[in-house]
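Okay, here's what each chain looks like letter by letter:
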Amino acid sequence: MLAHGHRAVRYCDDLVVVCRTREEAEAALDQVHQILEGHLGLRLHPEKTRVVHITEGFEFLGFRLWRDDRGLHVQPRARAVQASRDKVRGITRRPQPHRVDHVVGLLNPVLRGWWRYFRIGDLRRLGWHLDRWVLRRLRAYMAKRWRTANWRRYPDPFFYHRLGLHSLQRGS
């Protein structure tokens, strides 16, 4: 690809080729077909292989990338967010015999790992929403476990400072 004047980003079996015009992109796609299918005997996924303009956006390595009037945007794609929610939901299932500090201890590696991978993206709004959602899950866990309304008296700093819950917005 470099010999033909194209910029390419590759990680394992994922590949993005950056071109200036649609004609260059079509030519690059033909070259990718020749190299991968002809020389290497690999097949391209027909639904994932496409030519798009950056304003339409595309997904690569769990991120959604697009450009608009404000610049280039990089965010975790919806499936990655849903997968993290599913993990948190599994850890904070209500019928468990664990204390809240133990549940936070189980949550932190998941939250920290997700944050470390996706921190290159824009996590301000999404991180805030996920933090609020995790706190709601923990408060619902406490309410079910205690069967009282005592969970209401614990503000956000209780979870972050006292229990050490990892924040997806702040990264701490």
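For the structure, see preceding data.
Owing to the predicted nature of the structure, the values given are computational and were not obtained by experimental measurement.

Peer 1: Even after reading the chapter, I still don't get the nonpolar core, so can you show me in this structure?
Peer 2: One broad rule of soluble globular proteins: the nonpolar side chains tend to lie buried together. One finds L107, L111, W114, V134, L138, F159 and L165 to be the most contacted residues of the largest nonpolar core, which totals 32 residues. Elements supplying a minimum of two residues to this core: β3 (58-60), β4 (63-68), α2 (78-91), α3 (100-118), α4 (124-146) and α5 (156-162). It is α3 that contributes the most residues to this core, 8 residues altogether. In this structure, L107 is in contact with V88, I91, T92, V134, L138 and L165, ignoring residues within four places of it in sequence.

Peer 1: Hey, could you run me through the layout of surface pockets in this one?
Peer 2: Left-over empty space is what a probe sized like a water molecule reveals as it rolls over the atoms. For the largest pocket, the calculated volume is near 1,700 Å³. What lines the largest pocket is a set of 43 residues, among which L15, V16, V17, R50 and F58 lie closest to the centre. Of all elements in the fold, only β1 (7-11), β2 (14-18), α1 (22-39), β3 and β4 reach the threshold of two or more residues within the lining of the largest pocket. Per element, the largest residue contribution to the lining of the largest pocket is 7 residues, and it comes from α1. Lining the second largest pocket are W66, R70, H73, Q75, D122, L123, R124, R125, L126 and H129. If you tally residues by element for the lining of the second largest pocket, the top one is α4, at 4 residues. A per-class count over the lining of the second largest pocket returns 3 nonpolar, 3 polar and 4 charged.

Peer 1: Teacher, can you tell me more about the packing of α2 against α3 here?
Peer 2: Relative orientation of the contacting elements α2 and α3 amounts to 170°, with a least axis distance of 9 Å. Considering the angle they form, α2 stands roughly antiparallel to α3. Within the contact between the two elements, α2 uses A80, V81, S84, K87, V88 and I91 and α3 uses V103, L106, L107, V110, L111, W114 and F118.

Peer 1: When you look at unusual backbone geometry in this model, what are you seeing that I'm missing?
Peer 2: Most peptide bonds adopt trans geometry, and most residues besides glycine take a negative phi value. For C12, which is not a glycine, the phi torsion comes out positive at approximately 50°. One can find C12 in the loop between β1 and β2. The exposure class of C12 is exposed, given its relative accessible area of 58%. Of note in this structure, L61 is not a glycine but carries a positive phi near 55°. Checked against the element boundaries, L61 lands in the loop between β3 and β4. Among the residues examined, L61 registers a relative accessible area of 27% and is labelled partly exposed.

Peer 1: Is there a simple way to think about the side chain of R139 in this case?
Peer 2: Position of R139 among the secondary structure elements: in helix α4. Judged by relative accessible area, R139 falls into the buried class, the value being 16%. Within the structure, R139 has its side chain in polar contact with the backbone oxygen of Y154 (distance 3.0 Å).

Peer 1: It is not clear to me how the packing of aromatic side chains should be interpreted in this structure. Could you clarify?
Peer 2: We describe a pair of aromatic rings using the distance from one ring centre to the other and the angle between the two ring planes. As enumerated under the stated definition, the model contains 6 aromatic pairs in all. On the basis of an interplanar angle of 80° and a centroid distance of 5.3 Å, the ring pair of F158 and F159 is categorised as edge-to-face. Exposure remark for F159: the relative accessible area of 0% places this residue in the buried category. Three or more aromatic residues joined by ring pairs make a cluster, and in this case those are F63, W114, Y117 and F118. The ring of Y160 has R170 lying over it, and the distance from NZ or CZ to the ring centre is 4.8 Å.

Peer 1: Even after reading the chapter, I still don't get α1, so can you show me in this structure?
Peer 2: Residues spaced three or four apart along an α-helix face the same direction, because each turn holds 3.6 residues. The end-to-end C-alpha distance of α1, which contains 18 residues, comes to 25 Å, matching closely the 26 Å that a straight helix rising 1.5 Å per residue would cover. Phi turns positive, to about 75°, at G41, one or two residues after α1.

Peer 1: Is there a simple way to explain α3 in this structure?
Peer 2: For α3, built from 19 residues, the straight-helix expectation of 27 Å at 1.5 Å per residue is met to within 8% by its first-to-last C-alpha distance of 26 Å. Considering bend angle alone, the principal kink of α3 is centred on L107 and spans about 30°; proline P109 follows within four residues of it. Among the residues of α3, those classed as buried are V100, V103, V104, L107, N108, L111, W114, W115 and F118.

Cut-offs applied
Residues numbered from 1 in each chain as written. Predicted model: local features only at pLDDT ≥ 70, side-chain atom pairs only at ≥ 80, totals over all residues. Heavy atoms only, no water. Core = buried A, V, L, I, M, F, W, Y, C linked by side-chain atoms within 4.5 Å. Buried < 20%, exposed > 50% of the residue type's maximum accessible area, 1.4 Å probe, protein only. Helix = DSSP H or I, 4+ residues; strand = E, 2+ residues; numbered from the N terminus. Contact = heavy atoms within 4.5 Å. 1 Å grid on protein atoms, 1.4 Å probe; cavity = no way out; pocket = protein on both sides within 12 Å on 5 of 7 lines; lining within 4 Å. Points joined across faces, edges and corners; volume = space filled by probe spheres on them. Nonpolar A, V, L, I, M, F, W, Y, C, P; charged D, E, K, R; others polar. Axes fitted to C-alpha atoms, helices over the stretch in contact; angles between N-to-C directions. Parallel < 35°, antiparallel > 145°, perpendicular 65-115°, else oblique. Polar contact = N/O pair within 3.5 Å; in protein donor to acceptor, adjacent residues only side chain to side chain. Phe/Tyr/Trp six-rings, centres within 6.5 Å; stacked < 30°, edge-to-face > 60°. Lys NZ or Arg CZ within 6 Å of the ring centre and 35° of its normal. Expected span 1.5 Å × (residues − 1). Bend = angle between axes of the 7 residues up to and from the residue.

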